[in-house]
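Each chain, written out:
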Amino acid sequence: MTASSANSAATRVIFIFIIGGVAVFTLPTVLILGIGMLPTVAAMISDRRKEKYATLCVGCMNFVGVLPFMIKLWTEDHSYDNAFKVIGDPFTWLVMFGAAALGWAIYFVAPGIVGMFIGMRTEQRVQRLRRRQRDLVEEWGPGVAGGRRDADEKGEKPERSQ
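An account of the accompanying structure is given in this report. These numbers come from a predicted model, not from an experiment. Every chain is numbered independently, its residues counted from 1 as its sequence is written. Side-chain atom pairs in this predicted model are given and counted only at pLDDT of 80 or more, local residue features only at pLDDT of at least 70, and totals for whole chains, interfaces and linings cover all residues. Each side-chain value is derived from all of the structure's non-hydrogen atoms; neither hydrogens nor water enter the calculation.

Turning to the overall build of the protein, a few remarks are in order. If you tally the helices and strands in the protein, you get seven helices and zero strands. Secondary structure follows DSSP: runs of H or I at least 4 residues long count as helices, runs of E at least 2 residues long count as strands, and numbering of each begins at the N terminus. Sequence-ordered secondary structure for the protein, helices as α and strands as β, is α-α-α-α-α-α-α. Counting all 162 residues of the protein, 20% fall into the buried class. Taking all contacts inside the protein whose residues are at least 6 apart in sequence as the whole, residues at least 24 apart take part in 62%. Of the accessible surface of the protein, which amounts to about 12,300 Å², a share of 65% is contributed by carbon and sulfur atoms. A 1.4 Å probe rolled over the protein chains alone gives each residue an accessible area, and that area as a share of the maximum for its type sets the label: buried under 20%, exposed over 50%, partly exposed in between. Any two residues whose heavy atoms approach within 4.5 Å are treated as being in contact. Computed with the Shrake-Rupley method and a 1.4 Å probe, the accessible areas treat only the protein chains shown as cover for residues.

Below, the structure written as structure tokens:
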């Protein structure tokens, strides 16, 4: 065991104790956070990619859905009774899990939208380059386009330079 791995393990243990100590004093918040973030746990378990993109999308949106109810708990009465009242409201479940569903939607839809955008940009660039090539051919003649255009006009196969 090297010194850096021992330091890393000790740091983890310290963080676990700190988080556990804080959790004891904020149990109503931990209750709402634990129940509300269940879709994120499911995304983490089902996400097989190393980058954990599904966990990131679902987790961020899920936290946004849970946060208003945590703030409500903090501003009103930070007690178990109030936490159970918040959890017992069906609207709370709808908002928390609906936000997680939006995270899943972003995870599934965003790559397609980005792909379409990149495809459109690529096509625009190809059209711009073809226009530029036509302008150069008009200005300098067909020889500027290489042996390909001359061979195409004669019906021959273009020669490949090695």
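Further remarks concern the pattern of salt bridges. Two side chains of opposite charge can pair, provided their charged atoms sit close to one another. When a carboxyl oxygen of Asp or Glu is within 4 Å of a side-chain nitrogen of Lys or Arg, the pair counts as a salt bridge. Throughout the structure, instances matching the rule amount to one salt bridge. In this structure, R49 engages E51 in a salt bridge whose closest nitrogen and oxygen atoms are separated by 3.5 Å. Using a relative accessible area of 42% as the deciding quantity, one classes E51 as partly exposed.

It is worth spelling out unusual backbone geometry at this point. Even without glycine at this site, K52 takes up a positive phi of about 60°. Structurally, K52 is set in the loop between α3 (38-46) and α4 (53-75).

So, on to the packing of aromatic side chains. Two rings from Phe, Tyr or Trp (for Trp, the six-membered ring) form a pair when their centres sit within 6.5 Å of each other. Planes less than 30 degrees apart are called stacked, planes more than 60 degrees apart edge-to-face, and all others tilted. Evaluated as defined, the whole model comprises five aromatic pairs. Where Y80 meets F84, the ring centres are 6.4 Å apart and the plane angle is 25°; that geometry is what we call stacked. Separated by four residues within a single helix, Y80 and F84 lie in helix α5 (residues 80-88), roughly one turn from each other. Here Y80 falls in the partly exposed class, since its relative accessible area comes to 41%. Taken together, the ring pairs connect W104, Y107 and F108 into an aromatic cluster.

A patch consists of residues exposed above 30% relative accessible area that lack any salt bridge, with like charges linked at up to 9 Å and nonpolar side chains (Val, Leu, Ile, Met, Phe, Trp, Tyr) linked at up to 5 Å. Only four residue types enter the tally: Lys and Arg on the positive side, Asp and Glu on the negative side, with His and both chain ends excluded. Lysine's charge is taken at NZ, arginine's at CZ, aspartate's at CG and glutamate's at CD. Taken together, the side chains of R121, R125, R128, R130, R131 and R134 define a basic patch exposed on the protein surface. Tracing the sequence through the fold places R131 in helix α6 (residues 90-140). A relative accessible area of 43% places R131 in the partly exposed class.

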